[in-house]
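Coordinates in review
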Amino acid sequence: VSLIQNRKSIGLGLASFNIYDKPAVYFYQPNLEKAVNEHLPIDSLAFMRTELGVDISYAPPWFYPEHMKMDYDILFLKVVSKTRDWIQLEGNKQTGRTIWVDAFKVDLVSWSDFFLKVSSVEIIDPHENPIRHRPFTYADPVSVQGSFIYRPIEIRNQWLRVEMLDESLK
């Protein structure tokens, strides 16, 4: 399965925050030649503990992350770029608005690491991006009948090799 689809950049990976130990994440519009401590934040994301875990107590009105499911402690933002001290994140997946955070205050997960840690992936558009026998756009698509679970097993360049499992995981 090709990881590149519709020529839209998927970025460098995903960023997550330690929402249990850090009550806030600060957003900046930095001068990249200066250190983080030479800047004042322009906005923030604040977390609060509840009896069910952690929730967001404040977010800017434009905030729309790549993936959020706070009842499972999941909050991911797409990583657009990275410098030594800064990480640029897509803070709104609909508009593409970006913000910068201190690189040492986020956990960066590359796409290859992320895909290899998940239990399965979905094929978004099997007609546009079919499963192929080999990692080439000209390779024949795999002809499949029925429902399958696709488990990632290898990343090679922009290709994801998957294992096709039936519903009993065999």
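Use the structure listed above.
Residues numbered from 1 in each chain as written. Predicted model: local features only at pLDDT ≥ 70, side-chain atom pairs only at ≥ 80, totals over all residues. Heavy atoms only, no water.

1. As for the sheet that holds strand E4 (residues 53–58)
- With respect to topology, three strands assemble into an open sheet ordered E2-E3-E4, the strand pairing being antiparallel. Unpaired on one side and paired on the other, strand E2 (24–27) and E4 mark the two borders of the sheet. The mean inter-strand angle of the sheet, taken between neighbouring strand axes irrespective of direction, is 25°. (Pairing = 2+ DSSP bridges. Helix = DSSP H or I, 4+ residues; strand = E, 2+ residues; numbered from the N terminus. Axes fitted to C-alpha atoms, helices over the stretch in contact; angles between N-to-C directions.)

2. A closer look at the environment of Glu-154
- Mapped onto the elements of the fold, Glu-154 is located in strand E10 (residues 149–156).
- With 127 residues separating them along the chain, Glu-154 and Phe-27 place their C-alpha atoms 34 Å apart.
- Within the local environment of Glu-154, its side chain forms a polar contact with the side chain of Arg-156, the two groups lying 3.1 Å apart. (Polar contact = N/O pair within 3.5 Å; in protein donor to acceptor, adjacent residues only side chain to side chain.)

3. Overview of the nonpolar core
- Formed by 21 residues in total, the largest nonpolar core has its most connected members in Phe-17, Leu-45, Phe-47, Leu-75 and Leu-89.
- Elements with a minimum of two residues in this core: E2, strand E3 (43–50), E4, strand E6 (74–82), strand E7 (86–90) and strand E8 (98–102).
- Broken down by element, the residue count for this core peaks at three residues, all from E6.
- What Phe-47 contacts, discounting residues up to four positions off in sequence, is Phe-17, Ile-19, Lys-22, Pro-23, Ala-24, Val-25, Val-54, Asp-55, Ile-56, Ser-57, Met-70 and Leu-75. (Core = buried A, V, L, I, M, F, W, Y, C linked by side-chain atoms within 4.5 Å. Buried < 20%, exposed > 50% of the residue type's maximum accessible area, 1.4 Å probe, protein only. Contact = heavy atoms within 4.5 Å.)

4. Quick look at the packing of aromatic side chains
- This model, assessed by the stated rule, comprises eight aromatic pairs.
- Taken together, a centroid distance of 5.6 Å and an interplanar angle of 80° make the contact between Phe-76 and Phe-114 edge-to-face. Of this pair, Phe-76 sits in strand E6 while Phe-114 sits in helix H1 (residues 111–117), and the two are 38 residues apart along the sequence.
- What makes Phe-76 buried here is its relative accessible area of 17%.
- Since its relative accessible area comes to 21%, Phe-114 is described here as partly exposed.
- Lys-93 extends its terminal NZ or CZ atom over the ring of Tyr-64, reaching a point 5.2 Å from the ring centre. (Phe/Tyr/Trp six-rings, centres within 6.5 Å; stacked < 30°, edge-to-face > 60°. Lys NZ or Arg CZ within 6 Å of the ring centre and 35° of its normal.)

5. Side note on unusual backbone geometry
- Here Asp-73, not a glycine, exhibits a phi torsion of approximately 55°, which is positive.
- Secondary-structure assignment places Asp-73 in the loop between strand E5 (67–69) and E6.
- With a relative accessible area of 35%, Asp-73 lands in the partly exposed category.
- At Asn-157, a residue that is not glycine, the phi angle is positive and equals roughly 55°.
- In this fold, Asn-157 is placed in the loop between E10 and strand E11 (159–165).
- In this structure Asn-157 comes out as exposed when scored by relative accessible area, which is 69%.

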